[in-house]
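Chains, contacts and geometry: an overview
Spelled out from the first residue to the last, the chains are:
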Amino acid sequence: MNVQHFLLRIDAISVWVGKAAAWLIIGLMTLVCVEVFKRYIMNMPTAWIFDASNMFYGTLFMLAGAYGLAQNAHVRGDFLYSSLRPRIQAGLDLVLYIFFFLPGIAALVYAGYDYAALSWRIGEHSTVTAEGPPIYYFKTVIPVAGALVMLQGLAEIARCVICLRTGEWPSRLRDVEEIDVVAEQLERSEYVDEETRKAAIERAQDIEKAARQRGMGGDMQT
């Protein structure tokens with residue numbers, strides 16, 4: 001197994017977990033709709049739904065961290081970064097990963113493990129509402145999500161090292177983006193001719209490239 005294949009395997013893990021966690025949004029939406037109906041139509045609010053919705057959203061947010069890192073989707077101030085050469089970008093990223101990312105995520109995993117272990121030992125329940133649901137399951141997500149982000153971060157560090165050696169960013173798995181949805185919608189439209197469709201897609205691609213320009217190598221479609 002070469003390094004590039006190993007990196008893509010890690011990307012695949014992060015993408016799979018992120019997509020699996022995305023289904024929690026359906027549960028969250030269901031909880032909110034049920035609570036709105038019970039609270040305002042039936043005048044029978046349910047206290048534990050507030051805690052449950054927080055746990056659904058928190059789990060989704062934490063488990064999507066590795067996915068966001070794998071897709072280079074985290075917000076960054078790149079008005080100068082995007083104009084730098086790949087080797088300079090890689091060097092800057094490597095320094096930030098070593099001095100900020102690794103210590104921060106390691107602390108998250110370490111503290112999160114103790115946090116979750118204590119919660120399991122005491123059988124912790126939420127105190128935000130009366131008869132709050134158990135939250136030790138939710139707290140277990142903290143070290144798990146931290147470990148996934150750490151794994152993806154190690155892959156990003158390896159990408160930085162490869163870029164420093166070769167001068168090019170290695171490829172990564174690419175998920176469907178908004179530009180792909182726009183292209184599909186335009187292709188199915190009966191009111192847009194082929195020339196206009198191509199021009200619109202090219203303009204959208206230029207805007208997206210300018211907004212998120214970064215050396216990412218040859219992306220591979222998931």
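This report concerns the structure included in the present document. (Residues numbered from 1 in each chain as written. Predicted model: local features only at pLDDT ≥ 70, side-chain atom pairs only at ≥ 80, totals over all residues. Heavy atoms only, no water.)

Here we look at the overall build of the protein
Filter applied, for reference: In this description a helix means any DSSP run of H or I spanning at least four residues, a strand means any run of E spanning at least two, and both kinds are numbered starting from the N terminus. Categorising residues by exposure relies on relative accessible area from a 1.4 Å probe, with only protein chains included: less than 20% of the type maximum marks a residue as buried, more than 50% marks it as exposed, and the intermediate range marks it as partly exposed. Note on contacts: a residue pair is in contact if any heavy atoms of the two residues lie within 4.5 Å.
On a plain count of helices and strands, the protein comes out with seven helices and two strands. When the elements of the protein are put in sequence order from the N terminus, they spell out α-α-α-α-α-β-α-α-β. Burial status across the protein gives 36% buried among its 222 residues. Taking contacts inside the protein between residues at least 6 apart in sequence as the whole, the part at least 24 apart equals 76%.

Side note on the nonpolar core
As a reminder, the rule being used: As used in this record, nonpolar core signifies buried Ala, Val, Leu, Ile, Met, Phe, Trp, Tyr and Cys residues forming a set joined through side-chain atoms within 4.5 Å.
In this structure, Leu63, Tyr97, Phe101, Val149, Cys160 and Trp169 are the most contacted members of the largest nonpolar core, which totals 21 residues. Within the residue set of this core, elements represented by two or more residues are α1 (3-22), α3 (48-70), α4 (86-122) and α5 (136-166). Per element, the largest residue contribution to this core is eight residues, and it comes from α5.

Some words on the packing of aromatic side chains
Under the convention used in this document: In this scheme Phe, Tyr and Trp rings, the latter by its six-membered ring, pair at centre separations within 6.5 Å, and the angle between planes marks the pair as stacked below 30 degrees, edge-to-face above 60, and tilted otherwise.
Counted according to the given criterion, the structure contains five aromatic pairs. Ring plane angle 45 degrees and centroid distance 4.7 Å describe the contact between Tyr136 and Tyr137, whose orientation is recorded as tilted. Chaining the aromatic ring pairs together yields one cluster made of Trp120, Tyr136 and Tyr137.

With respect to the environment of Ala116
As for its placement among the helices and strands, Ala116 is situated in helix α4. Overall, the relative accessible area of 5% leaves Ala116 in the buried class. For the pair formed by Ala116 and Tyr136, sequence separation is 20 residues and the distance between their alpha carbons is 6.1 Å.

Brief notes about the packing of α1 against α5
The criterion, for reference: Between the N-to-C directions of two axes lies an angle of 0 to 180 degrees, each axis being a line fitted to C-alpha atoms and, for a helix, fitted only over the stretch in contact. Crossing handedness is defined as follows: a turn of the near helix away from the far one that is anticlockwise and smaller than a right angle gives a left-handed crossing, while the clockwise case is right-handed.
Two numbers describe how α1 lies on α5: the axes approach to 10 Å, and their chain directions differ by 145 degrees. In terms of crossing hand, the pair formed by α1 and α5 is left-handed. Between α1, through Val3, Leu7, Leu8, Ile10, Asp11, Ile13, Ser14 and Val17, and α5, the contact on the second element is made entirely by Leu148, Leu151, Gln152, Ala155, Glu156, Ala158, Arg159 and Ile162.

A look at unusual backbone geometry
Positive phi is not limited to glycine here, since Asn43 has a value of about 55 degrees. If you trace the backbone, Asn43 turns up in the loop between α2 (24-40) and α3. Positive phi outside glycine occurs at Asn72, with the angle close to 55 degrees. Take Asn72: it is sitting in the loop between α3 and α4.

A short note on α4
In plain terms, the rule: By this rule, a helix spans an expected 1.5 Å times one less than how many residues it contains. At any given residue, the bend is defined as the angle formed between two axes, one fitted to the seven residues that end at that position and one fitted to the seven that begin there.
Over its 37 residues, α4 runs 50 Å from end to end, which matches the ideal 54 Å to within 8%, given 1.5 Å per residue. Most pronounced at Tyr97, the bend in α4 amounts to some 45 degrees. Within α4, burial applies to Gln89, Ala90, Asp93, Leu94, Tyr97, Phe101, Ile105, Gly112, Ala116 and Ser119. Among the residues trailing α4, Gly123 stands out with phi positive, at a value near 60 degrees.

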